[in-house]
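Residue strings, one per chain:
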Amino acid sequence: MPIVVDATMHLNSAAVKKMVNAKTRRALARAGGYTRAIAKRSIKKASSASAPGQPPRSHRGLLKNFIFYSYDPSTKSVIVGPEKVVRPGLTAGTPKTLEYGGTAPGEDHRPPKLGQTGVIKIIKRENKWTDTRRNRRGAYGSTICRFGKTYTVRYALLRTDAMVRMATLNEKEIFGDGRTGSIAARPYMRPAFGETLKKLSDFFSG
């Protein structure tokens, strides 16, 4: 039974087809194994998120442990990538979202109300992750990290309806709408595939 994968890479380019011979299956299997090993090695174990553009980090090992490869004799190609699994902490579609970017479930963030403290201004937006688990407050504002982005913001006591509306818009941008949030791409299969292409001729000549 073929493995159902997400964020897949297919080694079936024109260059590969020209090199097809009796060793095709063995060579492509080696290429698939090599791609899988590089992808797994790029995913480091850590409790915090990686920066956008860098491979994702492993919190529980679910993504890292479910990357496989499979040779398809009908097309003389190999498919390599993460199996499409649903496990606690890894929802369906997560592997593809990490590879290419997209949306993820948002936080259950309650809208600010009159008399409460809210984000009255977003001072700076950065497409990076600051490695901190808590919001940091300083003389020039606070740092909030969500969905792989870092926001420098200013909090204020919401004294008017206009301030509440402004804080609501700012916090919706940062925390999502309670249903979805934006995730920047953290490719791990494409870089591994690129490294495999550099050694492709070696797999056929070995």
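Draft legend 1. Inspection of the nonpolar core at higher detail. Ranked by size, the top nonpolar core spans 10 residues in total: Ile38, Ala39, Ile43, Leu63, Ile67, Val80, Leu98, Tyr188, Met189 and Ala192. Secondary structure elements with two or more residues in this core: α2 (24-42) and α6 (189-198). Counting residues in each nonpolar core, the second largest holds eight residues, with Leu28, Tyr71, Val78 and Phe203 among its members.

Draft legend 2. Looking closely at the confidence of the model for the protein. For the protein, per-residue confidence averages 78 on the pLDDT scale, and 71% of positions sit at 70 or higher. Taking the mean pLDDT of every element in the protein, the minimum, 46, falls on strand β6 (residues 136-138) and the maximum, 93, on α6. Between residues 1-6, whose pLDDT stays under 50, and residues either more than four places distant or in other chains, the model counts 18 contacts.

Draft legend 3. Region of interest: the pattern of salt bridges. Using the criterion set out here, one finds five salt bridges in the structure. Between Arg125 and Glu173 there is a salt bridge; the shortest N-O distance is 2.6 Å. One end of the pair, Arg125, is in strand β5 (residues 117-126); the other, Glu173, is in helix α5 (residues 161-175), and 48 residues separate them in sequence. The exposed category is assigned to Arg125, whose relative accessible area is 51%.

Draft legend 4. Inspection of the side chain of Glu171 at higher detail. Relative to the helices and strands, Glu171 resides in helix α5. In contact with Glu171, other than residues within four places in its own chain, are His109, Arg110, Pro112, Gly118, Val119 and Gly176.

Draft legend 5. Structural detail: α5. In this model, α5 (15 residues) spans 21 Å end to end at C-alpha, consistent with the 21 Å of a helix rising 1.5 Å per residue. All of the buried residues along α5 are Val164, Ala167, Asn170, Glu171, Ile174 and Phe175. One side of α5 holds all its buried residues, which, seen down the axis, span an arc of 135°. Projecting away from the buried face of α5 at angles above 90 degrees are the exposed residues Asp161, Arg165, Leu169 and Lys172. Directly after α5, the chain includes Gly176, whose backbone phi takes a positive value near 85°.

Draft legend 6. Molecular detail of α2. Between the first and last C-alpha of α2 there are 27 Å, a value that for 19 residues agrees with the 27 Å anticipated at 1.5 Å per step. If you check which residues of α2 are buried, you get Thr24, Ala27, Leu28, Ala31, Gly32, Thr35, Ile38 and Ala39. Looking down the long axis of α2, one finds its buried residues gathered within 135° of arc, a one-sided arrangement. Seen from the open side of α2, the exposed residues pointing more than 90 degrees away from its buried face are Arg25 and Arg41.

Draft legend 7. Region of the structure containing the packing of α2 against α6. Running from N to C, α2 and α6 point in directions that differ by 135°, and their axes come no closer than 8 Å. With respect to α6, the element α2 is oriented oblique. Taken as a pair, α2 and α6 cross one another with a handedness that is right-handed. Here Ala31, Tyr34, Thr35, Ile38 and Ala39 of α2 come into contact with α6, specifically with Met189, Ala192, Phe193, Glu195 and Thr196. Looking at the contact of α2 with α6 residue by residue, the class counts come to seven nonpolar, two polar and one charged.

Draft legend 8. Spatial organisation of the packing of aromatic side chains. Inspection of every chain in the model, using the stated rule, returns two aromatic pairs. A ring pair is formed by Phe66 and Phe68, whose centres lie 6.3 Å apart and whose planes are at 85°; its orientation type is edge-to-face. Note on Phe68: relative accessible area 27%, which makes it partly exposed.

What counts, and where the lines are drawn
Residues numbered from 1 in each chain as written. Predicted model: local features only at pLDDT ≥ 70, side-chain atom pairs only at ≥ 80, totals over all residues. Heavy atoms only, no water. Core = buried A, V, L, I, M, F, W, Y, C linked by side-chain atoms within 4.5 Å. Buried < 20%, exposed > 50% of the residue type's maximum accessible area, 1.4 Å probe, protein only. Helix = DSSP H or I, 4+ residues; strand = E, 2+ residues; numbered from the N terminus. pLDDT = per-residue confidence, 0-100. Contact = heavy atoms within 4.5 Å. Salt bridge = Lys/Arg side-chain N within 4 Å of Asp/Glu carboxyl O. Expected span 1.5 Å × (residues − 1). Arc of directions from axis to C-beta. Axes fitted to C-alpha atoms, helices over the stretch in contact; angles between N-to-C directions. Parallel < 35°, antiparallel > 145°, perpendicular 65-115°, else oblique. Left-handed = near helix turned anticlockwise from the far one by under 90°. Nonpolar A, V, L, I, M, F, W, Y, C, P; charged D, E, K, R; others polar. Phe/Tyr/Trp six-rings, centres within 6.5 Å; stacked < 30°, edge-to-face > 60°.

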